[in-house]
Amino acid sequence: MSAAVTLSDVHVDYGPIHAVGDLSLEIPIGASVAIIGPNGSGKSSLLKVIGDVIDPTSGSCDTGGATTAIVLQSTDIDQSVPLTVRDVVAMARFPRLGLLRRPNADDRAAIDSAMSRLEISDLAHRQIHQLSGGQRQRAFVAQGLAQGADTLLLDEPLTGLDVRSRAIITSVLDDELAAGRTVITTTHNFDDARRCELVLLLATSFVAFGAPDEVFTEEHLRTAFGGKFVRIGDTMVLDDPHHH
């Protein structure tokens, strides 16, 4: 199967801080991939490299010319700026339009479809900062969908959401996979990671990559999380409030 993403010896440093190191792997087209690891293990940095938000300090990331859309975990919007939900979703089309072109019928259809799928059409004229956390997250996922990219990247898209928003986003991501797109998410939730075909376990450097049962072994988990894992009988317990 062709690769949606090829990482070759990727390193990411922020000055003296080493975020990602010595990472080489291929992500197949149409795969669902969860990136999981301790806080500060490089999950978000790697997602930004794949999404071309930042350049790796060394090494390379090749998407084979395929387009990517990234939905970041934290998106700050100045509350003094009057942005409606529809404005936020419509920003997805700006790279195609440039500064002077007006949205055409295809652009409007992509925006309307994304909002409908995330069940926020009724919120179109609400100010984005007036929404609940779950509604805001659905708006930003809709923005990602409206780009019509080949690969969708999401930084902890389900963290802290209400039950309805979580169910809607999960269903939409399943539909994207069924349509042949590649979906890559970061997560702290082991159950969410197990829903994916492939899991990448990071601890700044590479620990394991493969099917969930191949990755979530005691050896790999102890390598990634160290003493935070405790064995109780046949059960491994992670003593870390950030992970579930």
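Refer to the structure printed above.
An account of the accompanying structure is given in this report. (Residues numbered from 1 in each chain as written. Predicted model: local features only at pLDDT ≥ 70, side-chain atom pairs only at ≥ 80, totals over all residues. Heavy atoms only, no water.)

### Observations concerning the pattern of salt bridges
In the structure shown here, the tally under the stated rule is nine salt bridges. The shortest N-O distance in the salt bridge between D192 and R166 comes to 2.4 Å. One end of the pair, D192, is in helix 7 (residues 190-194); the other, R166, is in helix 6 (residues 163-178), with 26 residues separating them in the sequence. Among the residues examined, D192 registers a relative accessible area of 14% and is labelled buried. Measuring nitrogen to oxygen at the nearest pair gives 3.1 Å for the salt bridge that ties R195 to D174. Separated by 21 residues along the polypeptide, R195 in the loop between helix 7 and strand 8 (198-203) and D174 in helix 6 bring together distant segments of the chain. Through salt bridges with shared partners, one network takes in R117, E176 and R181. (Salt bridge = Lys/Arg side-chain N within 4 Å of Asp/Glu carboxyl O. Helix = DSSP H or I, 4+ residues; strand = E, 2+ residues; numbered from the N terminus. Buried < 20%, exposed > 50% of the residue type's maximum accessible area, 1.4 Å probe, protein only.)

### Description of the packing of aromatic side chains
Here the structure, examined in full by the defined rule, presents two aromatic pairs. Measuring from centroid to centroid gives 6.0 Å for F190 and F225, while their planes differ by 50°, and the two rings are tilted. Remark: F225 occurs in helix 9 (residues 218-225) and F190 occurs in helix 7; sequence separation between them is 35 residues. Accessibility expressed as a relative area gives 6% for F225, which makes it buried. (Phe/Tyr/Trp six-rings, centres within 6.5 Å; stacked < 30°, edge-to-face > 60°.)

### A word on the side chain of R138
Among the structural elements, R138 can be located in helix 5 (residues 133-146). Notably, R138 is buried but unbridged: the nearest opposite-charge side chain belongs to E119, and the N-O separation is 5.1 Å. At a separation of 3.2 Å, a polar atom in the side chain of R138 contacts the main-chain carbonyl oxygen of L118. Beyond its immediate chain neighbours, meaning those up to four positions away, R138 contacts L118, E119, I120, R164, S165, I168 and I169. (Lys, Arg positive; Asp, Glu negative; His and termini not counted. Polar contact = N/O pair within 3.5 Å; in protein donor to acceptor, adjacent residues only side chain to side chain. Contact = heavy atoms within 4.5 Å.)

So yeah, pure geometry; function would need other evidence.
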